[in-house]
Amino acid sequence: MSAEQQERAVRCLVAKVGLDGHDRGAHVIARAFRDAGFEVVYSGLHRAPDDIVQAAVQEDVDVLGISILSGAHNTLVPKVIEGLEEYDAFDDTLVLVGGIIPDEDEADLKELGVAEVFGPGTPMEETIEFIRNNVPERA
Amino acid sequence: MDRSDAPALGDAPTLSAADATLVDDLLDGSHRALARVITKIENRTPGYRAIVSALHEHTGGADIVGVTGSPGAGKSTLVDKLAAAYRDRGDTVGVIAVDPSSPYTGGALLGDRIRMGSNVGDMDVFFRSMSARGQLGGLSTATADAVKALDAFGKDVVILETVGAGQNEVDVVRTADTVAVLVQPGSGDDVQTLKAGILEIGDVFVVNKADMDGAQRTVAELEEMVHRREGGTTGRDAVRGGSPRLRSRGRVRERRVRRARTGIRRVVDAGGVRDRRKHR
Ligand code: B12
Ligand SMILES: Nc1nc2c(ncn2[C@@H]2O[C@H](COP(=O)(O)OP(=O)(O)OP(=O)(O)O)[C@@H](O)[C@H]2O)c(=O)[nH]1
Ligand SMILES: [Mg+2]
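Residues numbered from 1 in each chain as written. Chains lettered and ligands numbered in written order. Predicted model: local features only at pLDDT ≥ 70, side-chain atom pairs only at ≥ 80, totals over all residues. Heavy atoms only, no water.

**Student:** Sorry, what's going on with the overall build of chain A here?
**Tutor:** On a plain count of helices and strands, chain A comes out with six helices and five strands. Counting from the amino terminus, chain A carries its helices and strands in the arrangement α-β-α-β-α-β-α-β-α-β-α. The C-alpha atoms of chain A give 14 Å as radius of gyration, which agrees with the globular expectation for 139 residues (14 Å, within 12%). Taken along its principal axes, the extent of the C-alpha atoms in chain A is 50 × 35 × 25 Å. Counting across all 139 residues of chain A, residues that qualify as buried make up 56%. Look at the contacts in chain A between residues 6 or more apart in sequence, and 73% of them connect residues 24 or more apart. Accessible surface, chain A: about 6300 Å² in total, of which carbon and sulfur atoms supply 50%. The distance from the centre of the 11 positive side-chain charges to the centre of the 28 negative ones in chain A is 8 Å. (Helix = DSSP H or I, 4+ residues; strand = E, 2+ residues; numbered from the N terminus. Rg over C-alpha atoms; globule rule 2.2 N^0.38 Å. Buried < 20%, exposed > 50% of the residue type's maximum accessible area, 1.4 Å probe, protein only. Contact = heavy atoms within 4.5 Å. Areas by Shrake-Rupley, 256 points an atom, 1.4 Å probe, with all protein chains shown as cover. Lys, Arg positive; Asp, Glu negative; His and termini not counted. Charge placed at Lys NZ, Arg CZ, Asp CG, Glu CD.)

If you want it as structure tokens, here you go:
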């Protein structure tokens, strides 16, 4: 049974940060990721950036997907990324943002280190393909 | 003992340089290293056995508490409150929470973390979600090794949460020093449908959601069942006398048993168990 010897599953944290109470999208995404064969940890609502960092580090996720519809992405996402850097966890975590993000902010987020932004209407297969193709390699 | 484990015997316990650094970092208190070690254990990444052996000599300090029960019984909610109570008295806490994986895709929604509201932001509670990954028998080995990593890291208490649904999951909590079985009040079916194996491994039975109707009846039913099982030691008496399970495990050293009893007392004293009524 050597195929079972090394079992590698993509681990994702779907995170809601700040006061944003819109959780439908996060639920939809979490279920789609599970159905794609990923292991998905959901943070629950109203987490502080530090809580998200703590969860991402402890759960040792390959993918951190932040869902934000409140418009607060420009303040919250940088805090999460700084936190990851503090724990030396930024380099091998794929950071994604989903929700309502105006086009003009997308470039800034990517500049910060967000790999991709997924708004409403993105076909789910596209998101999942993106993750499969971009999961960081690990030693 | 289980087949999926056997081939790894060839995996000689020699630490690679990178893994040796990882182990040092873990022992130095790096959360990142601890998390990464658990990942390697979960994935059975080549070399993980050497890591576990290297950690072994640093283990033995933690009380290991298993929490099990049917889906939705309130295990995670209780684990959260227990962890907070342990923290209040200055203990550091590790949690491993196991959730089932989809038999079709292998994917899993690991939802236990959502309930950890009392401990967010407290890095001295290290919470890790694990998928059962349909591992035949290997699950208990993986969780036991992950517990070792938390123990070696220096956690005072390690809590293991798992759904008491199948033999695999029952085997997982069986590795704990103290096992708490949660039952929620209901039609009474709950007690009847508890897997026989679960009743046998329980050191502490918790009728959870005591704010709900029928709690007293569930307590009575459970008491009857437990009496039938062990001839009359329940609750705190069982704690003081040492449960039959602990007594009968001949290979378990006396020290271990004593520790287990403190473990139970800690669970009870922590109030998390007895104060369920206050929950909302
Ligand atoms: C439903 C809804 C609500 C519901 C939310 C119910 C719930 N539990 O989720 C209710 C009525 C509660 C609500 C309240 C409010 N809402 Co509202 N709401 C919406 C609405 C109409 C749809 C959102 C939704 O559920 N869509 C369906 C889901 C499936 O889509 P989604 O969340 O966008 O997710 C998809 C993608 O974005 C992406 N995605 C999302 N997350 C992630 C994460 C990852 C990792 C990835 C890869 C992808 C991804 O994938 C998903 C699937 O395709 C939007 C408008 C809109 N058309 O988007 C406004 C909207 C989001 N709401 C808005 C506002 C202002 C509010 C309120 C402040 C209104 C008020 N003044 O009271 C409150 C705030 C509540 C709070 N505490 O946060 C604004 C936000 C404006 C902004 N960002 O600048 C919007 C955009 C409406 C608007 N045009 O003004 N709202
Ligand atoms: N009324 C009441 N509800 C409770 C109590 N404890 C937990 N719950 C609720 O029961 C539901 C399940 O709680 P969890 O803690 O997630 O239960 P669980 O056993 O961990 O669930 P799984 O891990 O999915 O098997 C949640 O809605 C909780 O809010 C309690 O003491 N009383
Ligand atoms: Mg749970």
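Picking up where we left off.
**Student:** Could you clarify how one ought to interpret the packing of aromatic side chains in this entry?
**Tutor:** Aromatic ring pairs are described here by two measures, namely the spacing of the ring centres and the angle between the planes. Residues and elements named next belong to chain A. One pass over the structure, following the stated rule, counts two aromatic pairs over all chains. Taking the centre distance of 5.7 Å and the plane angle of 75 degrees together, the rings of Phe118 and Phe130 count as edge-to-face. Pair noted here: Phe118 is in strand S5 (residues 116-118) and Phe130 is in helix H6 (residues 124-134), with a separation of 12 residues, a long-range link. Note on Phe118: relative accessible area 12%, which makes it buried. (Phe/Tyr/Trp six-rings, centres within 6.5 Å; stacked < 30°, edge-to-face > 60°.)

**Student:** Explain the environment of Gly44 of chain A to me, please; I cannot follow it from the model alone.
**Tutor:** Within the element layout of this structure, Gly44 of chain A appears in the loop between strand S2 (39-42) and helix H3 (49-59). Classification of Gly44 of chain A as buried rests on a relative accessible area of 3%.

**Student:** Please explain the site of ligand 1 as it appears in this structure.
**Tutor:** Residue and element names in this part refer to chain A. Neighbouring residues of ligand 1: 20 residues in total, closest Gly21, His22, Asp23, Ser67 and Leu69. With respect to ligand 1, the backbone of Gly21 contributes an N or O atom lying 2.6 Å from an oxygen atom. One nitrogen or oxygen atom from the side chain of Asp23 is found 2.8 Å from a nitrogen atom belonging to ligand 1. Among the secondary structure elements, those contributing two or more residues to the shell around ligand 1 are helix H2 (24-35), strand S3 (63-68) and strand S4 (94-99). Here the shell around ligand 1 is composed, by residue class, of six nonpolar, 11 polar and three charged. (Near = heavy atom within 4 Å. Polar contact = N/O pair within 3.5 Å; in protein donor to acceptor, adjacent residues only side chain to side chain. Nonpolar A, V, L, I, M, F, W, Y, C, P; charged D, E, K, R; others polar.)

**Student:** What's the story with the site of ligand 2 in this structure? I'm lost.
**Tutor:** Residue and element names in this part refer to chain B. Around ligand 2, 15 residues are found, and the nearest of them are Lys75, Ser76, Thr77, Arg115 and Asp211. Between an oxygen atom of ligand 2 and a main-chain N or O atom of Gly72, the distance comes to 3.0 Å. Glu161 places a side-chain nitrogen or oxygen 3.2 Å from an oxygen atom of ligand 2. A total of 660 Å² of accessible area belongs to ligand 2 in isolation, and the protein chains cover 76% of it. Secondary structure elements with two or more residues in the shell around ligand 2: helix H4 (75-88) and strand S5 (157-163). In terms of residue count, the dominant contributor to the shell around ligand 2 is H4 (three residues). Partitioning the shell around ligand 2 into residue classes produces three nonpolar, five polar and seven charged.

**Student:** Looking at this structure, I do not really get the interface of chain A and chain B. What am I missing?
**Tutor:** How large an interface is tends to be reported as the accessible area lost when its parts come together. Residue-level contacts link 34 residues of chain A with 37 residues of chain B. For the pair chain A and chain B, the summed buried area comes to about 3200 Å², and 47% of that belongs to carbon and sulfur atoms. Across the chain A-chain B interface, the total number found is six salt bridges. With its nearest N and O atoms 2.5 Å apart, the salt bridge here joins Asp92 of chain A to Arg32 of chain B. Examining the composition of the side of chain A that touches chain B, we find that six residues originate from one element, H3 of chain A, more than from any other. When grouped by side-chain class, the residues that make up the side of chain A that touches chain B number 12 nonpolar, seven polar and 15 charged. By the bridge criterion, three bridges tie S2 of chain A to strand S3 (residues 108-110) of chain B in an arrangement that is parallel. (Buried area = accessible area lost by both parts, 1.4 Å probe. Salt bridge = Lys/Arg side-chain N within 4 Å of Asp/Glu carboxyl O. Pairing = 2+ DSSP bridges.)

**Student:** I tried to follow the coordination of the cobalt atom of ligand 1 on my own but got confused; where do I start?
**Tutor:** In ideal tetrahedral geometry, four donors around a metal make angles of 109.5 degrees, whereas ideal octahedral geometry with six donors gives angles of 90 or 180 degrees. For the cobalt atom of ligand 1, the protein contributes exactly one donor atom, His22 of chain A (NE2), at 2.1 Å. Within the fold, His22 of chain A resides in the loop between strand S1 (11-16) and H2. (Donors = N, O, S within 2.8 Å, 3.2 Å for Na, K, Ca; no water.)

**Student:** Explanation requested: H2 of chain A in the structure shown.
**Tutor:** Given 3.6 residues per helical turn, the α-helix brings residues three or four places apart onto the same face. Over its 12 residues, H2 of chain A extends 17 Å from the first C-alpha to the last, a length consistent with the 16 Å expected when each residue adds 1.5 Å. Taken residue by residue, H2 of chain A has Ala26, Ala30, Ala32 and Phe33 of chain A as its buried positions. Burial along H2 of chain A is one-sided: seen end-on, the buried residues are contained in an arc of 165 degrees. Elements in contact with the buried residues of H2 of chain A: S1, S2, S3 and H6 of chain A together with S3 of chain B. (Expected span 1.5 Å × (residues − 1). Arc of directions from axis to C-beta.)

**Student:** Before we go on, may I ask you to explain the side chain of Asp151 of chain B in this structure?
**Tutor:** Residues and elements named next belong to chain B. For Asp151, the location among the structural elements is in helix H5 (residues 138-153). We classify Asp151 as buried; its relative accessible area is 8%. Polar side-chain contacts of Asp151 include one of 3.2 Å to the backbone nitrogen of Gly61. Look past the residues within four positions of Asp151 in its chain and what remains in contact with it is His58, Thr59, Gly60, Gly61, Ala62 and Val158.

The values are spatial; any link to function lies outside them.
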